[in-house]
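Understanding the architecture of this molecule
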Amino acid sequence: MRLRMDEGYYFGIGAFETMALEDGEPVFFDRHMDRLEEAVKYFEIFFERKTAEKMVWEYLDRNKEKLSGHDALKTAVSEKNFVISVRPNPYAGKEPDTKIRTAYSGIRRNETSPLTYYKTLNYAENLMEKRKAAQQGFGEAVFLNGKGEITEGTVSNVFFVKGGKLYTPPVSCGMLPGIMRAYICRSFQAEETVIRPEDIEMYDEMFLTNSLMGVMPVESLGEHRFHSVKTAKRLRSRCSPGHFQPAL
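On to the environment of Lys-130. For Lys-130, the position within the fold is in helix 4 (residues 124-135). The exposure class assigned to Lys-130 is partly exposed, which follows from its relative accessible area of 23%. Along the backbone, Lys-130 and Glu-201 are 71 residues apart, and their C-alpha atoms lie at a distance of 24 Å. With residues near it in sequence (within four places) discarded, Lys-130 still touches Gly-139, Glu-140, Thr-154 and Val-155.

So, in structure tokens, the structure goes:
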């Protein structure tokens, strides 16, 4: 497919979605397409959802022999383009006991910007901060907003655990409302609450979520080490992409 130059290419006016593929089946497909449609509507880009979905299924059928069984499907929309691609899921094959270290980003998330709440083609800040964190030996960087409140990771939503109960920052703090985040909030009764860096010592655990990783236990955030991953490990087995096959 030949890309056409438009405001998506020049200015990042467009949106994308990344979803897990399990044995060729997209996980939470309808929910991802709902979110993509919302973002495209915000940008006032013409979007025929039924046509786009048909193109996705045709693409997967044409490329089914190339799929690994645990893949990542990406769809991107701009004024003149609808792009589909597949790559291996980078979190597939991780050991069950995997946990990561996280650090605070030096960049503040702008909770007043509407772009913060959509998965737009303006994603360079997230990727650059994630790469910077990796260079420093961390698996993820966590943003604070302009008020100093914890919001989200560069490619993840964040949860904390206290006494077995789940807590997560409210969307209004400034974040992309994740598909996996919504599932966990709905299924495991997570409570939304404002969390600041000085509050994290009161929590037993921290974990990250996104559609490709499912649940990822966190060993530490900044200088603070969490003394448990018990709840995160339990949820990890119930929230892996393979758990949701066929597509939801």
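Read on, since the account is not over.
Counting through the fold element by element, Lys-147 comes out in the loop between strand 6 (140-145) and strand 7 (150-153). Taking C-alpha positions, Lys-147 is 42 Å from Gly-69, a pair spaced 78 residues apart along the chain. Not counting the four nearest positions on each side in its chain, Lys-147 is found in contact with Arg-108, Glu-111 and Arg-196.

Before going further, it helps to examine the sheet that holds strand 2 (residues 25-26). Strand pairing in a sheet relies on backbone hydrogen bonds, with the paired strands running either antiparallel or parallel. Taken in spatial order, the four strands line up as 2-1-3-4 in an open sheet, and their pairing is antiparallel. Of all the strands in the sheet, the pair left with one neighbour each is strand 2 and strand 4 (82-88). By the bridge criterion, two bridges tie strand 1 (residues 14-22) to strand 2 in an arrangement that is antiparallel. Bridge pairing in strand 2 places Glu-22 opposite Glu-25. Across the sheet, helix 2 (residues 29-42) touches strand 1, strand 2, strand 3 (70-78) and strand 4, and the angle it forms with strand 1 is around 175°. Against the sheet, helix 3 (residues 49-62) makes contact with strand 1, strand 2, strand 3 and strand 4, and its axis sits at roughly 35° relative to strand 4, the strand it touches most.

In this structure the tally under the stated criterion is zero disulfides. Between Cys-173, a cysteine without a disulfide, and Cys-185, which holds the nearest cysteine sulfur, the sulfur-to-sulfur distance is 13 Å.

Let us now look at the pattern of salt bridges. Under the defined criterion, the tally for this structure stands at 13 salt bridges. Among the salt bridges present, the one from Arg-225 reaches Glu-219, with a minimum N-O distance of 2.8 Å. On the basis of relative accessibility, which here comes to 55%, the residue Arg-225 falls in the exposed class. With a relative accessible area of 17%, Glu-219 lands in the buried category.

About the thresholds
- Residues numbered from 1 in each chain as written.
- Predicted model: local features only at pLDDT ≥ 70, side-chain atom pairs only at ≥ 80, totals over all residues.
- Heavy atoms only, no water.
- Helix = DSSP H or I, 4+ residues; strand = E, 2+ residues; numbered from the N terminus.
- Buried < 20%, exposed > 50% of the residue type's maximum accessible area, 1.4 Å probe, protein only.
- Contact = heavy atoms within 4.5 Å.
- Pairing = 2+ DSSP bridges.
- Axes fitted to C-alpha atoms, helices over the stretch in contact; angles between N-to-C directions.
- Disulfide = S-S within 2.5 Å.
- Salt bridge = Lys/Arg side-chain N within 4 Å of Asp/Glu carboxyl O.

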